[in-house]
Amino acid sequence: PVGQKPSDKITIPKEDGKNIFPLNEEGRMYCGTCHSAHGVDWDDKESTLFMRTQDVDGKLCMACHKDKASGAEHGAHPVMKKIEKIPEQLKKTGAKFGRKNEVVCQSCHQPHVAPEKKLLRIKNKNSELCGQCHDDRYAGSMAEAANMKTHPVNIKPVHANVPEHLLKTGAKLGDDNKVICQSCHRPHDAKTQKGLLIESNQQGALCQQCHSDKKTVLNSKHDMRLVDDEAENTRGEKVKDAGACSACHLPHAGNGAKMWARTIDKNQEPMAALCLSCHDENKLAAKHTVGEFSHPVG
């Protein structure tokens, strides 16, 4: 935008007491805030001409938008983090990446002639932009989510419900009220350091906001905090720290169906293997095994 005053989130750097990016007489941004009518030779091939500073690796954007470039510890999507493969669809939009394939501001945003709101390169109403890079988590159905071992997205919840107060604090739903990436995450201004979550998930609090029907597990025989609070899931999280949900489920990168968080025997019947990851000898529920004579499964 031009013709408006910078918000209080913007910090314009100074050099010799003067703004590197000048404002007009009314203190508003104009074309000349970022651009100079006379080219500057930056002595490299990557920098764009007619800019007031070098524009490599998103440095020009980050000079003012420091709050958006401060990293996950400050609730912002990481920048200057290497991506293994640049998505083809983003390439076609002219998306920019760092010299070593790092994510930068212009990987998602287009400062001029952007086709979408918030200067986004492609639609993100149903997390399409998120899914470009996070394709291992961008499922299109419950079955696909099960194969990916991740929390489903692009589905309308049946047993879960996103409460109104979460929507007011920044959670979003896609078309037809489907769960999407932004139902749990925010790329900027997230509330927590871990996972860019819209709200803290300490002791599974965020999980329980939507899955209120699963709260019956708390303080029951399936609450692993009461069985062994030092027990760790496959991510190395102790149940006493991460909460009751964490003992059995991981939102992403699970170890089997249902986003399973425990080591399973892949030679067993898939769903029974989840139960037997605890109800077996030398495991958490060793006192409650199926025994020698038991109803067959599989």
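Since the model is a prediction, treat every value here as computed from it, not as a measurement.

Asker: Got a minute to help me understand the overall build of the protein chain in this structure?
Answerer: In terms of helices and strands, the protein chain carries 11 helices and 2 strands. In terms of overall size, the protein chain is more extended than a compact globule, its C-alpha atoms giving a radius of gyration of 24 Å where 298 residues would be expected to give roughly 19 Å. For the protein chain, the C-alpha atoms occupy an extent of roughly 85 × 35 × 35 Å along the three principal directions. Residues classed as buried in the protein chain amount to 34% of the 298 residues present. Summarising the internal contacts of the protein chain: among those between residues at least 6 apart in sequence, 39% fall at separations of at least 24. Element-wise, carbon and sulfur atoms account for 53% of the exposed surface of the protein chain, whose accessible area totals about 18900 Å². Charged side chains of the protein chain number 44 positive and 39 negative; the gap between the two group centres comes to 3 Å.

Asker: What exactly am I supposed to notice about the side chain of histidine 252 here?
Answerer: Note on placement: histidine 252 falls in the loop between α10 (239-242) and α11 (270-276). Not counting the four nearest positions on each side in its chain, histidine 252 is found in contact with Arg137, Lys149, Thr150, His151, His185 and Arg235.

Asker: Looking at this structure, I do not really get the pattern of salt bridges. What am I missing?
Answerer: In a structure, side chains of opposite charge can pair up when their charged atoms sit close to one another. This structure, assessed with the given rule, holds 12 salt bridges. Measuring nitrogen to oxygen at the nearest pair gives 3.5 Å for the salt bridge that ties glutamate 88 to lysine 91. A residue pair is termed a helical-turn pair when its members lie 3 or 4 positions apart in one helix, as glutamate 88 and lysine 91 do in helix α3 (residues 88-92) at 3 residues. Given the relative accessible area of 46%, lysine 91 is considered partly exposed. Between arginine 225 and aspartate 223 there is a salt bridge, with its nearest N and O atoms 2.6 Å apart. The class for arginine 225 is partly exposed, based on a relative accessible area of 27%. If you follow the salt bridges from partner to partner, you end up with Glu230, Lys238 and Lys240 in one network.

Asker: It is not clear to me how the confidence of the model for the protein chain should be interpreted in this structure. Could you clarify?
Answerer: If pLDDT is low for a region, its predicted coordinates should not be looked at in detail. Summarising the model, the protein chain shows a mean pLDDT of 92, and 99% of its residues fall at 70 or more. Summarising per-element confidence for the protein chain, the mean pLDDT is lowest in strand β1 (residues 14-15) (91) and highest in helix α5 (residues 128-133) (96).

Asker: Mind showing me how you'd approach the state of the cysteines here?
Answerer: Such a bond, covalent and formed between the sulfur atoms of two cysteines, is termed a disulfide. By the definition in use, this model includes 0 disulfides. The closest cysteine sulfur to the non-disulfide-bonded cysteine 31 is located on cysteine 34, 9.1 Å from its own sulfur. Accessibility expressed as a relative area gives 56% for cysteine 31, which makes it exposed.

What counts and how
Residues numbered from 1 in each chain as written. Predicted model: local features only at pLDDT ≥ 70, side-chain atom pairs only at ≥ 80, totals over all residues. Heavy atoms only, no water. Helix = DSSP H or I, 4+ residues; strand = E, 2+ residues; numbered from the N terminus. Rg over C-alpha atoms; globule rule 2.2 N^0.38 Å. Buried < 20%, exposed > 50% of the residue type's maximum accessible area, 1.4 Å probe, protein only. Contact = heavy atoms within 4.5 Å. Areas by Shrake-Rupley, 256 points an atom, 1.4 Å probe, with all protein chains shown as cover. Lys, Arg positive; Asp, Glu negative; His and termini not counted. Charge placed at Lys NZ, Arg CZ, Asp CG, Glu CD. Salt bridge = Lys/Arg side-chain N within 4 Å of Asp/Glu carboxyl O. pLDDT = per-residue confidence, 0-100. Disulfide = S-S within 2.5 Å.

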